[in-house]
Amino acid sequence: MAQNILQLKKVSKSFAGTVVVGDLNLKVKGGEVFGLLGPNGAGKTTTMRMIMNIIRPDQGEILYNDQPRHKIKNLHFGYLPEERGLYPRATVLEMLVYFGTLNNLSARRAEVEAIRYLDRLGMVEFTDAQINQLSKGMQQKIQFIVAFLHDPDVLILDEPFSGLDPINQIVLREILQEYKQKKKILIISTHQMEQAEQLCDHICLINQSKVILDGQLSRIKKNYRENAFFVESDDSLEFMQEISGISIIEQDNNSCKFTVAEQRLKIPVLFENIQKKAGIKRFEIVEPSLHDIFIRLVQAETEGGK
Amino acid sequence: MKNIFRIARWEFVTRFRSRSFLFNTFISPLLFISVITLPIFFFQYQPEVSTKLIGVIDLSGKNIEKDLQKALNHYYSPENRSREYVVMKVSVNSSGPYREMLSEYKEIKSRRDSIARLYEQIKAQRAAYYKNTKIANREYFLRTSYEKLQNTREEKELTDMELENFKTSLDSVYKFEALKMADSLLITNVLNAYLLFPHEFTKNGIVEYHSKNPGDLRETERFEKILQNIIIEKRMMDDHVEQAKVHKWLSPIYIKKYQLMPQGQKEWDFYAQFYGPLIGVFLLFMAIFTAGGYLFSSILLEKSNRVIEVLLSYANSIQIMGGKILGLGSLGLVQVLIWLLLTALFISSGIIPADKISYLTLSNALYFIIYFSLGFLFYGAIFISVGSLSSNEYDAQQINQLLRTVAVFPVLLSLIVLAEPNSLWIRILSYIPFLTPSFMIMRIPLSSQLITTDIYVTIAIMVISILFVIFVAGRIFRVATLMQGKKASWTEIWRWLKVG
């Protein structure tokens, strides 16, 4: 099976003269979790709405497997909008069936799938409850089911974890894992960087309607590695201050975080030097967190723009 | 395409089950119909009425109160019920000034009477002298009695004049005292009303009616009718027409009203003919605004709770709009059909007499359905635009209220429509799409002929207007529903309409 690809080519959208998305290029491959990140007002929601065909781009094109988006039926797409909304007076099952049938499922099939998901999310006893009798978290789960009940090929989730307790977060992750295994396209937008770090394979960072970072999460982390190391020992590591060619960032009695300032200094040599004086319990490369990268980039970009 | 029907089904089913649909279909038409028909019942079948005391001040001295009582008994005293009206002559006998004047008047009158008697005596004596030529001193007697006669006549004429003058002032005192009395009786609610008959009322035909509420048309019309008869009768009697002839000539006249309908002559019944179309307009209005209101609240709800975003990602805006219009439009049709069915049921079971709603023909029912559909589409599209533009429910409800007021406006003109359903102004007004359905639903059953041209013209106007408002609604709906918290400016709306 050929790989599923969703592409955005030079997509722009402006509202009342304000550019919300400008010349955006994205390429999302099936089977990877694509994280669309950015500060508020960066244009994430607009981008997702364009992928969902809720609004059309002013310029550029959106292609799924080389076909223009507006020619593809909506039922291949599933969407969890950031602002959740359900029919408050409807019962859980009838509403799920309604949304299922809107995506071409037969009523029977939609019912079966809905009950299956309700069961999986521990909500099967609320099948006939009215939506407005449910708690916020439960409504959130129902909203999820609305997004993937019809087994879409492209699933777009805007802030999926907000308002979910840890147990349900795990269940949701399992479901997303299944999508990933089916090589489907999965786009997640979030503000929670730890979530993105744990979940995403590919990251795209948008700021002020432009892409400022795009690539595999592992590669990005590598690129933004500050050449920093962390060492931990049972013995005192105070001698580290005397080693030339490194600069220490943080240190206490038994651990030390430092960067290698001199290019010539080889890591294995350094490792040996330390080992001679103290027993090493841990020695590792310090990965920058996505959170740090995000802040650093957005700040740089915002300042640069001024 | 299937999504239109799925959305339509959803809208239909969720609303059909709702309590508000039940209320709008059964309770509120019932309430309305009872509210407007109850007065008719009160009007026609008044329960045991309390007897009304009517005062009479008669300055003509024709004993009019007796005639009045007789006529009132005749017309307004149904069998086995107490008399509705009791006539009472307003008495002024207890009034001091009047009594004084009256005794003086009587004195003058007796004086005049004795002079008159004397005059007659002299005349008779003189006649005897003339006839009997054998009386001695006849010449002398004739001459002296002539002088006496002359003097007496002059005295008689003078007393007559005095009496006449005194009578006028006595009358004015009588009138003043009687009015004072009658007013106090009216104020203390002893009298319901009193009638003042001036001296010459048979000649000029003017009678005064005094009451706390002379606006009570029912009462004044009754008195007008009865007095008309009494006065004419009096005038005839004055002209010495035979009593039997008078009665024959004055026997009451009733007008039976017939209306020429396409299917032939039909007896006219004001209440059925007028209230029928009025109830029709109300039901039409109810149907349009029940379904239109659902359309409106549905969009408002989906916009405010953001379901619209999910909905828009699975169905396009045309499907959503189309589905809602189709679903809620069918709901409205179902409502109309329920009403027609219920009416048919009531007729067949005899609860409603069939002749009372003879205007409800199959073709009129069909027109009702046509104008309902047109009105619903027109107002529905406007509701979609307003609903999707509104940033909060309060604003939206105000516009909704405004539209309702506009649509119900023709009911205010219903009496004019009844009098002349096809007058120029009414025709022009019914070409305004906002008013078309309400006006046409009144005009069609009220017109004596089928107003085919107007039906075609209004349907054409409605269809064009509907296409226009749906086009506008489509453009606005697509963009405005995703906006939140912010009010769209007119320039923005204009741009959406141009760009789409």
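About the thresholds
Residues numbered from 1 in each chain as written. Chains lettered and ligands numbered in written order. Predicted model: local features only at pLDDT ≥ 70, side-chain atom pairs only at ≥ 80, totals over all residues. Heavy atoms only, no water. Helix = DSSP H or I, 4+ residues; strand = E, 2+ residues; numbered from the N terminus. Buried < 20%, exposed > 50% of the residue type's maximum accessible area, 1.4 Å probe, protein only. Contact = heavy atoms within 4.5 Å. Areas by Shrake-Rupley, 256 points an atom, 1.4 Å probe, with all protein chains shown as cover. Salt bridge = Lys/Arg side-chain N within 4 Å of Asp/Glu carboxyl O. Buried area = accessible area lost by both parts, 1.4 Å probe. Polar contact = N/O pair within 3.5 Å; in protein donor to acceptor, adjacent residues only side chain to side chain. Nonpolar A, V, L, I, M, F, W, Y, C, P; charged D, E, K, R; others polar. Phe/Tyr/Trp six-rings, centres within 6.5 Å; stacked < 30°, edge-to-face > 60°. Lys NZ or Arg CZ within 6 Å of the ring centre and 35° of its normal. pLDDT = per-residue confidence, 0-100. Lys, Arg positive; Asp, Glu negative; His and termini not counted. Expected span 1.5 Å × (residues − 1). Pairing = 2+ DSSP bridges. Patch = residues over 30% accessible without salt bridge, like charges linked within 9 Å, V, L, I, M, F, W, Y side chains within 5 Å. Charge placed at Lys NZ, Arg CZ, Asp CG, Glu CD. Axes fitted to C-alpha atoms, helices over the stretch in contact; angles between N-to-C directions.

## Details of the overall build of chain B
Alright, step 1. Check the secondary structure of chain B and you find 18 helices and six strands.
Alright, step 2. Counting every position in chain B, which comprises 500 residues, the buried fraction comes to 44%.
Alright, step 3. Expressed as a percentage of contacts within chain B between residues at least 6 apart in sequence, the contacts between residues at least 24 apart total 76%.
Alright, step 4. Just so you have it, chain B exposes about 27,800 Å², and 62% of that area is on carbon and sulfur atoms.

## What about the pattern of salt bridges?
All names here are of chain B.
Alright, step 1. Overall, the coordinates contain 28 salt bridges over all chains when judged by the stated rule.
Alright, step 2. Between Asp160 and Arg112 there is a salt bridge, and its shortest N-O distance comes to 3.2 Å. Separated by 48 residues along the polypeptide, Asp160 in helix H5 (residues 138–187) and Arg112 in helix H4 (residues 96–131) bring together distant segments of the chain.
Alright, step 3. By relative accessible area, Asp160 is classed as partly exposed at 26%.
Alright, step 4. Lys203 is the partner of Glu200 in a salt bridge, and the nearest nitrogen-oxygen pair spans 3.3 Å.

## Quick notes on the interface of chain A and chain B
Alright, step 1. Across the contact, 30 residues belong to chain A and 21 residues belong to chain B.
Alright, step 2. Approximately 2,300 Å² of surface area, both sides summed, lies buried where chain A meets chain B, with 57% of it carried by carbon and sulfur atoms.
Alright, step 3. Per-residue buried area on chain A facing chain B is highest for Tyr87, Tyr98 and Leu102 of chain A; these three make up 27% of the total on that side.
Alright, step 4. Our count for the chain A to chain B interface comes out at two salt bridges.
Alright, step 5. With a closest N to O distance of 2.7 Å, Arg49 of chain A and Glu309 of chain B form a salt bridge.
Alright, step 6. Summed over the shared surface of chain A and chain B, the result is nine residue pairs in polar contact (both at pLDDT 80 or more).
Alright, step 7. Mapped by element, the contributors of at least two residues to the side of chain A that touches chain B are helix H1 (44–51), strand S6 (77–80), helix H2 (92–102) and helix H4 (136–148) of chain A.
Alright, step 8. The biggest single contributor to the side of chain A that touches chain B is H2 of chain A, with six residues.
Alright, step 9. Classifying every residue of the side of chain A that touches chain B gives 17 nonpolar, nine polar and four charged.

## Focus: the packing of aromatic side chains
Alright, step 1. Here the structure, examined in full by the defined rule, presents 28 aromatic pairs over all chains.
Alright, step 2. Centroid distance Tyr87 of chain A to Phe99 of chain A: 6.2 Å. Interplanar angle 20°. Geometry classified as stacked. Of the two residues, Tyr87 of chain A sits in the loop between S6 and H2 while Phe99 of chain A sits in helix H2, which places them 12 residues apart along the sequence.
Alright, step 3. The buried category is assigned to Tyr87 of chain A, whose relative accessible area is 7%.
Alright, step 4. For the ring pair Tyr98 of chain B and Tyr174 of chain B, a centre distance of 5.4 Å and an interplane angle of 55° mean the geometry is tilted. Residue Tyr98 of chain B is found in helix H4, and its partner Tyr174 of chain B is found in helix H5; the two are separated by 76 residues along the sequence.
Alright, step 5. Judged by relative accessible area, which is 11%, Tyr174 of chain B ranks as buried.
Alright, step 6. Here the aromatic residues Phe285, Phe289, Phe296, Phe378, Tyr379, Phe383 and Phe434 of chain B are joined through ring pairs into a cluster of three or more.
Alright, step 7. One Lys or Arg, Arg69 of chain A, reaches over the ring of Phe77 of chain A and ends 3.6 Å from the middle of that ring.

## Some thoughts on the confidence of the model for chain B
Alright, step 1. Mean pLDDT over chain B stands at 83; residues scoring 70 or higher make up 91%.
Alright, step 2. In the predicted assembly, ipTM is 0.79 and pTM is 0.68.

## Considerations on the side chain of Glu32 of chain A
Residue and element names in this part refer to chain A.
Alright, step 1. By secondary structure assignment, the location of Glu32 is in the loop between strand S2 (18–29) and strand S3 (33–37).
Alright, step 2. The side chain of Glu32 sits in the buried core without any salt bridge; Lys29 is the nearest counter-charge, 5.3 Å away.
Alright, step 3. In this structure Glu32 touches Lys27, Lys180, Leu186, Asp201, His202 and Gln216, once residues within four positions along its chain are discounted.

## A closer look at H4 of chain B
All names here are of chain B.
Alright, step 1. Compared with the 52 Å implied by 1.5 Å per residue over 36 residues, the 52 Å span of H4 between its first and last C-alpha is a close match.
Alright, step 2. When we look at burial in H4, the residues that qualify are Tyr98, Met101, Tyr105, Ile108, Ile115, Ala116, Tyr119, Ile122, Arg126 and Tyr129.
Alright, step 3. Packing partners of the buried residues in H4 comprise H5.

## Overview of the sheet that holds strand S1 (residues 5–15) of chain A
Residue and element names in this part refer to chain A.
Alright, step 1. Strands sit in the order S2-S1-S4-S5 across an open sheet of four strands; the sheet is antiparallel. Two strands bound the open sheet, and with one partner strand each, they are S2 and strand S5 (67–68).
Alright, step 2. Pairing geometry for strand S4 (residues 59–64) and S5, over two bridges, is antiparallel. Each bridged residue has a counterpart across the sheet, and for Leu63 the counterpart in S5 is Pro68.

## Topic: a positive patch on the surface
Residue and element names in this part refer to chain A.
Alright, step 1. A cluster of basic residues, Lys9, Lys27, Lys29, Arg219 and Lys222, forms a positive patch on the protein surface.
Alright, step 2. Those elements that provide at least two residues to the positive patch are S2 and helix H7 (217–223).
Alright, step 3. Mapped onto the fold, Lys27 is located in strand S2.

## Considerations on the side chain of Arg69 of chain A
All names here are of chain A.
Alright, step 1. Checked against the element boundaries, Arg69 lands in the loop between S5 and S6.
Alright, step 2. Buried Arg69, no salt bridge; nearest opposite-charge side chain is Asp153, N-O distance 10 Å.
Alright, step 3. Setting aside its immediate chain neighbours within four residues, Arg69 contacts Met50, Ile51, Met52, Asn53, Ile62, Asn74 and Phe77.

## What to know about unusual backbone geometry
Residue and element names in this part refer to chain A.
Alright, step 1. For Asp66, which is not glycine, the phi dihedral falls at a positive 70°.
Alright, step 2. Tracing the backbone shows Asp66 in the loop between S4 and S5.
Alright, step 3. Taking relative accessible area as the criterion, Asp66 reaches 63% and is therefore assigned exposed.
Alright, step 4. Even without being a glycine, Asp151 presents a positive backbone phi close to 50°.
Alright, step 5. Position of Asp151 relative to the elements: it lies in the loop between H4 and strand S7 (154–158).

## Quick word on a nonpolar patch on the surface
Alright, step 1. A contiguous nonpolar patch, built from Leu22, Phe23, Phe26, Ile27 and Leu31 of chain B and spanning about 460 Å² of accessible area, is present on the exposed surface.
Alright, step 2. Relative to the helices and strands, Ile27 of chain B resides in helix H2 (residues 19–44).

## Some points on the sheet that holds strand S3 (residues 193–197) of chain B
Residue and element names in this part refer to chain B.
Alright, step 1. The four strands lie next to each other as S2-S1-S3-S4, forming an open sheet whose pairing is mixed. Of all the strands in the sheet, just strand S2 (85–89) and strand S4 (208–211) have a single pairing partner and so form its edges. Along the sheet, successive strands turn relative to each other by an average axial angle of 25°, direction set aside.
Alright, step 2. By the bridge criterion, four bridges tie S3 to S4 in an arrangement that is antiparallel. Note on S4: the bridge partner recorded for Ala193 is Ser211.
Alright, step 3. Against the sheet, helix H3 (residues 64–75) touches strand S1 (52–58), S2 and S3, its axis set at about 175° to S2.

## Structural notes on the environment of Ile455 of chain B
Residues and elements named next belong to chain B.
Alright, step 1. With respect to the secondary-structure elements, Ile455 resides in helix H17 (residues 452–480).
Alright, step 2. By relative accessible area, Ile455 is classed as buried at 4%.
Alright, step 3. Between the alpha carbons of Ile455 and Ile444 there is a distance of 8.5 Å; along the sequence they are 11 residues apart.

## Overview of the environment of Leu435 of chain B
Residues and elements named next belong to chain B.
Alright, step 1. Topologically, Leu435 is positioned in the loop between helix H15 (424–429) and helix H16 (436–446).
Alright, step 2. Judged by relative accessible area, Leu435 falls into the buried class, the value being 6%.
Alright, step 3. Sequence separation of Leu435 and Ala407 is 28 residues, and the distance between their C-alpha atoms is 5.8 Å.
Alright, step 4. For Leu435, the contacting residues outside a window of four places in its chain are Val406, Phe409, Pro410 and Leu429.

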